[in-house]
Amino acid sequence: MAATEDIQLTPAVKAQALALNNNPVQIYNWVRNNISFIPSYWSIQGSELTLQNKRGNAFDTASLLIALYRAAGIPARYVYGTIDVPADKVMNWVGGVTKVEAARILLGQGGIPNTGLVSGGKVSTIS
């Protein structure tokens, strides 16, 4: 429940949680609908700058969500794992590229480790 280097419980974070009625569903939906994704890796901004900029990578967005939950009195922590995402979704996330390899290269340039999974002779999923 405490603040950390990446999970800053600033007045702005506390005010945003309060504006969302300290409600976990409203907080989650607000973050999902208002924070744009930046394809990069590891913590770069932390919760405060992610709130100010309204954009961040997965770690920064998680830091903001955790900070808002903690400010609302809701225990929250990071969970880290690997997901498989359809290649067309990844191509859209990185800016609408038309080739899977271009999406993988862009992820790599952002420091995001990724592997193309082949099905039917072509990369269909990125892990």
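So, here is what we can say about the structure in this document.

Rules used throughout
- Residues numbered from 1 in each chain as written.
- Predicted model: local features only at pLDDT ≥ 70, side-chain atom pairs only at ≥ 80, totals over all residues.
- Heavy atoms only, no water.
- Phe/Tyr/Trp six-rings, centres within 6.5 Å; stacked < 30°, edge-to-face > 60°.
- Helix = DSSP H or I, 4+ residues; strand = E, 2+ residues; numbered from the N terminus.
- Buried < 20%, exposed > 50% of the residue type's maximum accessible area, 1.4 Å probe, protein only.
- Contact = heavy atoms within 4.5 Å.
- Axes fitted to C-alpha atoms, helices over the stretch in contact; angles between N-to-C directions.
- Parallel < 35°, antiparallel > 145°, perpendicular 65-115°, else oblique.
- Left-handed = near helix turned anticlockwise from the far one by under 90°.
- Nonpolar A, V, L, I, M, F, W, Y, C, P; charged D, E, K, R; others polar.
- Patch = residues over 30% accessible without salt bridge, like charges linked within 9 Å, V, L, I, M, F, W, Y side chains within 5 Å.
- Areas by Shrake-Rupley, 256 points an atom, 1.4 Å probe, with all protein chains shown as cover.
- Salt bridge = Lys/Arg side-chain N within 4 Å of Asp/Glu carboxyl O.

## Observations concerning the packing of aromatic side chains
Per the counting criterion, the structure on display carries three aromatic pairs. Between Trp42 and Phe59, the ring centres sit 4.7 Å apart and the planes meet at 50°, which makes this aromatic pair tilted. Residue Trp42 is found in the loop between β1 (36-37) and α3 (46-53), and its partner Phe59 is found in helix α4 (residues 58-71); the two are separated by 17 residues along the sequence. Cluster of aromatic residues (ring-pair linked, three or more members): Trp42, Phe59 and Tyr80.

## Quick look at the environment of Val85
Position of Val85 among the secondary structure elements: in strand β3 (residues 85-86). We classify Val85 as buried; its relative accessible area is 9%. Val85 sits 30 residues away from Thr115 along the chain, and the two C-alpha atoms are 11 Å apart. With residues up to four places along the chain from it excluded, the contact list for Val85 reads Val90, Trp93, Ser124, Thr125 and Ile126.

## A closer look at the packing of helix α2 (residues 24-34) against α4
Where α2 contacts α4, the two axes come as close as 10 Å, and the packing angle between them is 155°. By the angle between their axes, α2 is roughly antiparallel relative to α4. Taken as a pair, α2 and α4 cross one another with a handedness that is right-handed. The residues of α4 that touch α2, namely those facing Pro24, Ile27, Tyr28, Trp30 and Val31, are Thr61, Leu64, Leu65, Leu68 and Tyr69. Considered class by class, the residues forming the contact of α2 with α4 number nine nonpolar, one polar and no charged.

## Comments concerning a nonpolar patch on the surface
There is a patch of nonpolar side chains on the surface, built from Phe37, Ile83 and Trp93 and spanning about 340 Å² of accessible area. Locating Phe37 in the fold gives a position in strand β1.

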